[in-house]
Amino acid sequence: MKMATMGERLTGRVSDYGPLFEYTIKLVLLTSFLELVLYRLVSRLGMHLSKLAVAHPWITPTFSTLTEIGTWLLNIVAILLFLALIVTMINRGSWPETGRVTKVAMACAALLLLLTAGFLVVQPGMVGSLVYNGIAFVTLVLLMFEYLATHHGRAQRILGLTFAVGISGWLYYQIVSTAYSVAGTVAAPPFVYEAHRIGEGLMVVASYLTFVAYGQGLSLRTKNRRQRNRAIWFWATTGTIFTALIFTDYLLGLYDPAMASAVRQASQGIGWIFQFGMGYTFYLPFAIYMGGLLCWSYTVIKLLNMGRLAGYGIGLMFIAGYALLFSNLTLMVILGVMLLTLDRAKPVAAEPAVPTESPVMGSSDGLVTGQV
């Protein structure tokens, strides 16, 4: 009799859940990236170039047009996020092994969607903001519990914990500061600025950990020539950029102090743009942020080429940035963690046993051999 076997099917591909899910997730990632570039970064860059706009008249209309496009993309991203979250929750809830923690997390995510839609009609105020951030924090914690329970790799678990604690630094800053404002107390909220700084640092560390957990394959010891060449290019580029950024200020100071001062002002301008666009204050050396960006970019591109949901999840989690000033950024993080959680092996049902019936008559071979 043939024995039934249990196996595991990888459900970490975006194409596993149907065309609607696949194209919605792809559009969310694409429009979110364009919104980040055209709205959150380019608009701030246009403000920074206000002095140059006096000498170059084309700057103002160009950046105004790009900012207008980014504003439209912001609305498109919000609509696509609603659709993507609904489709993802429906697909996730259809699994037979859905646990209690997952069901509560899906309920909290649905409540976030309802609150977001409600706040479009009624202004939330400080109390509404406090409730919204509190539910977002609970949702993130529950989803991370599911991620840790279903992903047993040490690097993946460390990545999940680092990101969750890092983004929680911002949520703690918002929740506690808002609660003190609602209470009307003049006392300084405890540990808010320290939590904000620690959270930003952990977010930068998490960008490096994405490469460790999901971007492996750049070993110089491999015998595959293509992979070895790719590893050489990646590590050479990363090392060159990191070293150049670390020593540029010192070397320029020796060569031309005036040029060094101009470069410092330019770097401060870049930091100002990213601070208002993504919430990073750049209190760490700029080279550390660039190293994390390179590791994150390589990992996301690699996973997207493989069609892995982890690529879309990690992409959305870091495109949202650190300062979740808008509700769509909070939903972006929640959707990203959901997709990261879905990138795992799902047990499939046992193959039904097919009984082998013994024939009433013997085989024809036996009948033939029995004759003389």
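Residues numbered from 1 in each chain as written. Predicted model: local features only at pLDDT ≥ 70, side-chain atom pairs only at ≥ 80, totals over all residues. Heavy atoms only, no water.

A.B. asks: Mind showing me how you'd approach the layout of surface pockets here?
C.D. replies: A probe matching the size of a water molecule, rolled over the atoms, marks out where space remains unfilled. Its volume calculated, the largest pocket comes out at about 570 Å³. As for the largest pocket, its lining consists of 22 residues, of which Thr116, Leu325, Phe326, Ser327 and Asn328 are closest to the centre. Of all the elements in the fold, those that place two or more residues in the lining of the largest pocket are α3 (59-93), α4 (100-119), α5 (125-150), α6 (154-183) and α12 (327-342). At five residues, α3 tops the list of elements feeding residues into the lining of the largest pocket. Considered class by class, the residues forming the lining of the largest pocket number 13 nonpolar, nine polar and no charged. (1 Å grid on protein atoms, 1.4 Å probe; cavity = no way out; pocket = protein on both sides within 12 Å on 5 of 7 lines; lining within 4 Å. Points joined across faces, edges and corners; volume = space filled by probe spheres on them. Helix = DSSP H or I, 4+ residues; strand = E, 2+ residues; numbered from the N terminus. Nonpolar A, V, L, I, M, F, W, Y, C, P; charged D, E, K, R; others polar.)

A.B. asks: I would appreciate a short explanation of the packing of α4 against α12 in the present structure.
C.D. replies: Two packed helices can be described by the angle between their axes and the distance between those axes. Running from N to C, α4 and α12 cross one another at 160°; their axes reach a closest spacing of 11 Å. Our classification of the angle between α4 and α12 gives roughly antiparallel. As for the relative orientation of α4 and α12, their crossing is left-handed in sense. Mapping the contact onto sequence places Met106, Ala109, Leu112, Leu113 and Thr116 in α4 and Ser327, Leu331, Ile334 and Met338 in α12. (Axes fitted to C-alpha atoms, helices over the stretch in contact; angles between N-to-C directions. Parallel < 35°, antiparallel > 145°, perpendicular 65-115°, else oblique. Left-handed = near helix turned anticlockwise from the far one by under 90°. Contact = heavy atoms within 4.5 Å.)

A.B. asks: Looking at this structure, I do not really get the nonpolar core. What am I missing?
C.D. replies: Here is a general trend for soluble globular proteins: nonpolar side chains tend to be buried in one another's company. Ranked by size, the top nonpolar core spans 73 residues in total, and within it Phe163, Tyr214, Leu335 and Leu339 carry the most contacts. When residues of this core are assigned to their parent elements, the largest contribution, 11 residues, is made by α12. Apart from residues lying up to four places away in sequence, Leu335 is in contact with Ile25, Val28, Leu81, Ala84, Leu85, Thr88 and Leu316. Leu38, Val42, Ile59 and Leu73 belong to the second largest nonpolar core, which has five residues in total. (Core = buried A, V, L, I, M, F, W, Y, C linked by side-chain atoms within 4.5 Å. Buried < 20%, exposed > 50% of the residue type's maximum accessible area, 1.4 Å probe, protein only.)

A.B. asks: Help me understand unusual backbone geometry in this model?
C.D. replies: Of note in the backbone geometry, Phe191 takes a positive phi value of approximately 60° without being a glycine. Summarising the element assignment, Phe191 is placed in the loop between α6 and α7 (192-214).

A.B. asks: How do you make sense of the side chain of Glu35 when you look at a structure like this?
C.D. replies: Within the fold, Glu35 resides in helix α1 (residues 19-48). Of the polar contacts made by the side chain of Glu35, one reaches the side chain of Arg40; its length is 3.2 Å. With sequence-adjacent residues up to four places away left out, Glu35 is seen in contact with Arg40, Gly70, Leu73, Leu74 and Val77. (Polar contact = N/O pair within 3.5 Å; in protein donor to acceptor, adjacent residues only side chain to side chain.)

A.B. asks: What exactly am I supposed to notice about α12 here?
C.D. replies: Turn by turn, an α-helix covers 3.6 residues, leaving residues three or four places apart pointing in a common direction. Look at α12: 23 Å from first C-alpha to last across 16 residues, which is about the 22 Å you get at 1.5 Å a residue. Among the 16 residues that make up α12, 15 are buried, leaving the element largely enclosed by the rest of the structure. (Expected span 1.5 Å × (residues − 1).)

A.B. asks: Explain the pattern of salt bridges here, please?
C.D. replies: Opposite charge on two side chains permits them to pair, given that their charged atoms come into close proximity. For the structure on display, the rule yields three salt bridges. Its salt-bridge partner being Glu35, residue Arg40 comes within 3.2 Å of it at the nearest N-O pair. Just as Arg40 is buried, Glu35 falls in that class too. Arg308 serves as the salt-bridge partner of Asp343, at 2.9 Å between the closest nitrogen and oxygen. Taken together, the residues Asp343 in the loop between α12 and β2 (345-347) and Arg308 in the loop between α10 (286-306) and α11 (309-319) connect sequence positions 35 residues apart. For Arg308, a relative accessible area of 16% corresponds to the buried category. (Salt bridge = Lys/Arg side-chain N within 4 Å of Asp/Glu carboxyl O.)

A.B. asks: Would you take a moment to explain the environment of Tyr39 for this structure?
C.D. replies: Take Tyr39: it is sitting in helix α1. Relative accessible area serves as the criterion here: at 18%, Tyr39 is assigned to the buried category. When the C-alpha positions of Tyr39 and Trp72 are compared, they lie 9.1 Å apart, and in sequence the two are 33 residues distant.

A.B. asks: Looking at this model, I keep getting lost on the environment of Leu34. Mind explaining?
C.D. replies: With respect to the secondary-structure elements, Leu34 resides in helix α1. For Leu34, a relative accessible area of 34% translates into the label partly exposed. Sequence-wise, Leu34 and Leu74 are 40 residues apart; in three dimensions their C-alpha atoms are separated by 9.2 Å. Those residues in contact with Leu34 that lie beyond four places of it in its chain are Tyr39 and Leu73.

A.B. asks: Mind showing me how you'd approach α4 here?
C.D. replies: Here α4 spans 28 Å end to end across 20 residues, near enough to the 28 Å set by a 1.5 Å rise per residue. Along α4, the residues classified as buried are Thr102, Ala105, Met106, Cys108, Ala109, Leu112, Leu113, Leu115 and Thr116.

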